[in-house]
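So the chains spell out like this:
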Amino acid sequence: MTTETDQAGATPHAETAEQLPAAASVSARAVVVFAEETRLPKLRCLKPGFRHCFAYLALDQGWVGLDPLAHRIEIKGFHNWSREADLAAHLRRLGQCALTVPVLEPPRRLAPPLPFSCVETVKRLIGLHSWRIRTPWELFLETRKICLDDVRYLFYNSPP
């Protein structure tokens, strides 16, 4: 999903958003959404509001939604949505917790071999490699560091 870019400014061992250099190449952006919804009883032990995550990826032709469910991955194209639209702000107005993040060029090595989950899928989509990010809440804390939105308004339906 990302294009080949010059790796001169990238740190080869960056693992989290905090360690990624400011000059890391950004070839796209994504909106990561955190949700309460879960039909799996064992996920109810996770932080309320952060029991599932999914993402939308901005492409030249519009947006693509990627929802990694327990039994399948749903991929939907939204070609009538403008790439320039502030999708995260729209989703926040609808009561969702959504962050716009850059799609980073990950290090050129194997990602940590963690179990397949919504978090692992979103991490790989946006280019984060980390052993420490395993839950949607941990992913939220990490993506908040690289968020392209005005983070003061993340939990409000609209700015005051």
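Source: prediction; values computed, not measured. Position numbers for residues start from 1 in each chain and track the written sequence from start to end. A pLDDT threshold of at least 70 governs which residues receive local features in this predicted model, and a stricter bar of 80 or more applies before side-chain atom pairs are shown or counted, although totals over entire chains, interfaces and linings include all residues. No hydrogens and no water enter the side-chain calculation; it runs on all heavy atoms of the structure.

**Some thoughts on the overall build of the protein chain**
Put simply, DSSP marks the helices as runs of H or I at least four residues long and the strands as runs of E at least two long, and each gets a number from the N terminus on. A count of helical and extended segments in the protein chain gives three helices and five strands. Along the protein chain, from the amino end to the carboxyl end, the secondary structure elements read β-β-β-β-α-β-α-α. Burial classes: relative accessible area under 20% of the type maximum marks a residue as buried, over 50% as exposed, and values in between as partly exposed (1.4 Å probe, protein chains only). Taking all 160 residues of the protein chain together, 44% fall into the buried category. Here, residues are in contact when the closest pair of their heavy atoms is within 4.5 Å. Put simply, 57% of the contacts in the protein chain that link residues at least 6 apart link residues at least 24 apart. For accessible areas, the Shrake-Rupley method is used with a probe of radius 1.4 Å. Any residue's cover is judged against the shown protein chains and nothing else. Entry remark: accessible area of the protein chain is about 9300 Å², with carbon and sulfur atoms responsible for 55%.

**A few points about the side chain of H52**
Within the secondary structure, H52 sits in strand 2 (residues 52–59). Under this definition, polar contacts are N or O atom pairs within 3.5 Å; protein pairs additionally need one hydrogen-donor-capable and one acceptor-capable atom, and for neighbouring residues in sequence, both atoms have to be side-chain atoms. Within polar-contact distance, the side chain of H52 engages the side chain of D67 at 2.7 Å. The residues touching H52, leaving out its near neighbours within four places in the chain, are V33, F34, A35, E37, D67, P68, L69, C118 and P136.

**Some thoughts on the environment of R134**
With respect to the helices, strands and loops of the structure, R134 is situated in the loop between helix 2 (118–126) and helix 3 (136–146). For the pair R134 and S117, spaced 17 residues apart in the sequence, the C-alpha separation amounts to 8.5 Å.

**A closer look at the confidence of the model for the protein chain**
Interpretation of this model should avoid reading the predicted coordinates in detail wherever pLDDT is low. Looking at the protein chain, the pLDDT average stands at 77 and 77% of residues meet or exceed 70. The pLDDT value tells you how sure the predictor is about a given residue, anywhere from 0 up to 100. Note on residues 1–26: pLDDT is under 50 here. Beyond four places in sequence and across chains, it has 46 contacts. Counted against residues more than four places away or in other chains, residues 156–160, with its pLDDT under 50, gives six contacts.

**Quick notes on the environment of K76**
Relative to the helices and strands, K76 resides in strand 4 (residues 73–78). Placed 12 residues apart in sequence, K76 and V64 show a C-alpha to C-alpha distance of 5.7 Å. Once residues lying within four places of it in the same chain are set aside, the contact partners of K76 are W63, V64 and G65.

**Let's talk about the nonpolar core**
As a rule of thumb, soluble globular proteins bury nonpolar side chains together. We define a nonpolar core as any set of buried Ala, Val, Leu, Ile, Met, Phe, Trp, Tyr and Cys residues linked to one another through side-chain atoms lying within 4.5 Å. Core analysis: the biggest nonpolar cluster contains 25 residues, and V32, F34, C53, V101 and L139 have the highest contact counts within it. The contacts of C53, once residues within four sequence positions are left out, are V33, F34, D67, P68, C118, V119, V122 and L139. Grouped together as the second largest cluster of nonpolar side chains are 11 residues, V33, W63, L87 and A98 included.

**What to know about the packing of aromatic side chains**
Any two aromatic rings considered together are summarised by their centre-to-centre distance and by the angle between their planes. Stacked, tilted and edge-to-face pairs are distinguished by plane angle, under 30 degrees for stacked and over 60 for edge-to-face with tilted covering the rest, among Phe, Tyr and Trp rings (Trp via its six-membered ring) whose centres lie within 6.5 Å. Enumeration according to the criterion identifies nine aromatic pairs in this entry. On the basis of an interplanar angle of 50° and a centroid distance of 5.0 Å, the ring pair of F50 and F140 is categorised as tilted. Of this pair, F50 sits in the loop between strand 1 (26–35) and strand 2 while F140 is found in helix 3, placing the two residues 90 residues apart along the sequence. Among the residues examined, F50 registers a relative accessible area of 6% and is labelled buried. For F140, a relative accessible area of 0% puts it in the buried group. Centroid distance F54 to Y56: 5.9 Å. Interplanar angle 75°. Geometry classified as edge-to-face. For the pair F54 and Y56, one class covers both residues: buried.

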